[in-house]
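# Coordinate analysis (summary)
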Amino acid sequence: MSADRPDMRISDAEREFVVAQLNAAVAEGRLTLAEFEERVDGVLRSRTFGEIEPYVGDLPQKGPIAAPEQLEIRNQSSSLKRVGRWTVPRRLLISTRAGSVKLDFTEAQFTTQLVEVRLEARSSRIELVLPPGATADIDSIAPHSSSLKQKVPAAYDAAGSGIVFRIGGEVRSSNVRVRYQRRFLRWRW
């Protein structure tokens, strides 16, 4: 909670976090179902942190687990995919040799607006699927006998409030593709 600014407006994600805390309190036996229902209704109607405090003030506070500052992905002669909901740290280091790496960021949770990606690839294929509105800068990649394809706007070309990916590193005899999610009717890939 934001005890220093009780008048600050609360987001939908923060409301969902409080409801999850209440749900955990029911599972631990701290609240009855009637109390849970009453508190959830109050939380969903709340607009500020100060309005939520009465519903969770008597419960132990559990903060979310902090995401690491940096994640290192190593791959050798294998295929590695990361899809679905996952937390993206500020820095990603991808090291691959004769392998394939696909990171799908469309459902990911981001800790910052800027994600730095460092590539070290030899004879590999790397595919980054960005969320809608994200931009990427691949100018810092040093390719040697490699193919680079960027199918999203560059950070300096599109001014927006989306996530910015700054991609750099060295790739040798590799294929790097940065794109948005493809759609056809119900299918997404």
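Overview of the structure. (Residues numbered from 1 in each chain as written. Predicted model: local features only at pLDDT ≥ 70, side-chain atom pairs only at ≥ 80, totals over all residues. Heavy atoms only, no water.)

## A short note on the overall build of the protein chain
- Scanning the protein chain from N- to C-terminus turns up three helices and 14 strands.
- Computed over C-alpha atoms, the radius of gyration of the protein chain comes to 21 Å, more than 25% over the 16 Å expected from 2.2 N^0.38 for 189 residues, which places it beyond the range of a compact globule.
- Each principal axis of the C-alpha distribution contributes one length, and for the protein chain these read about 65 × 40 × 35 Å.
- Counting all 189 residues of the protein chain, 34% fall into the buried class.
- Once local pairs closer than 6 in sequence are excluded, the contacts in the protein chain between residues at least 24 apart make up 64%.
- When the accessible area of the protein chain is evaluated, it comes to approximately 11,400 Å², of which 49% is carbon and sulfur surface.
- The protein chain carries 29 positive and 24 negative side-chain charges, and their two centres are separated by 11 Å. (Helix = DSSP H or I, 4+ residues; strand = E, 2+ residues; numbered from the N terminus. Rg over C-alpha atoms; globule rule 2.2 N^0.38 Å. Buried < 20%, exposed > 50% of the residue type's maximum accessible area, 1.4 Å probe, protein only. Contact = heavy atoms within 4.5 Å. Areas by Shrake-Rupley, 256 points an atom, 1.4 Å probe, with all protein chains shown as cover. Lys, Arg positive; Asp, Glu negative; His and termini not counted. Charge placed at Lys NZ, Arg CZ, Asp CG, Glu CD.)

## Focus on the pairing of strand 4 (residues 91-97)
- By the bridge criterion, seven bridges tie strand 1 (residues 70-76) to strand 4 in an arrangement that is parallel. Its bridge partner lying in strand 4, Gln76 is registered against Arg97.
- Relative to strand 7 (residues 114-122), strand 4 runs parallel, the two being bridged by seven bridges. Across the sheet, Ile94 pairs through a bridge with Leu119, a residue of strand 7. (Pairing = 2+ DSSP bridges.)

## A few points about a nonpolar patch on the surface
- Together, Phe184, Leu185, Trp187 and Trp189 give the surface a local cluster of nonpolar side chains, amounting to about 500 Å² of exposed area.
- Structurally, Leu185 is set in the loop between strand 13 (183-184) and strand 14 (187-188).
- Looking at Leu185, the relative accessible area reads 67%, which means it is exposed. (Patch = residues over 30% accessible without salt bridge, like charges linked within 9 Å, V, L, I, M, F, W, Y side chains within 5 Å. Salt bridge = Lys/Arg side-chain N within 4 Å of Asp/Glu carboxyl O.)

## A closer look at the packing of helix 1 (residues 12-27) against helix 3 (residues 49-56)
- Interaxial distance between helix 1 and helix 3 falls to 11 Å at its minimum, and their mutual angle equals 5°. Comparing the axis directions of helix 1 and helix 3 gives the class roughly parallel. Facing helix 1, whose interface residues are Glu14, Arg15, Val18, Gln21 and Leu22, helix 3 presents Phe49, Ile52, Tyr55 and Val56.
- Along the lines of polarity and charge, the residues of the contact of helix 1 with helix 3 split into six nonpolar, one polar and two charged. (Axes fitted to C-alpha atoms, helices over the stretch in contact; angles between N-to-C directions. Parallel < 35°, antiparallel > 145°, perpendicular 65-115°, else oblique. Nonpolar A, V, L, I, M, F, W, Y, C, P; charged D, E, K, R; others polar.)

## Side note on the sheet that holds strand 12 (residues 175-180)
- In space, the five strands of this open sheet follow the order 2-5-8-12-10, with parallel pairing throughout. Because the sheet does not close on itself, it has two edges, and the strands there are strand 2 (79-82) and strand 10 (147-150). Recorded for the sheet is a direction-independent mean angle of 5° between the axes of neighbouring strands.
- For strand 5 (residues 100-104) and strand 8 (residues 125-130), the ladder comprises five bridges, and the chain directions are parallel. Residue pairing across strands places Ser100 opposite Arg125, the latter belonging to strand 8.

## Quick word on the pattern of salt bridges
- Scanning the entire structure with this criterion turns up eight salt bridges.
- With a shortest N-O distance of 2.6 Å, Arg74 and Glu72 are connected by a salt bridge.
- Exposure remark for Arg74: the relative accessible area of 61% places this residue in the exposed category.
- Since its relative accessible area comes to 42%, Glu72 is described here as partly exposed.
- Several salt bridges share partner residues, and in doing so they unite Glu69, Arg90 and Glu116 into one network.

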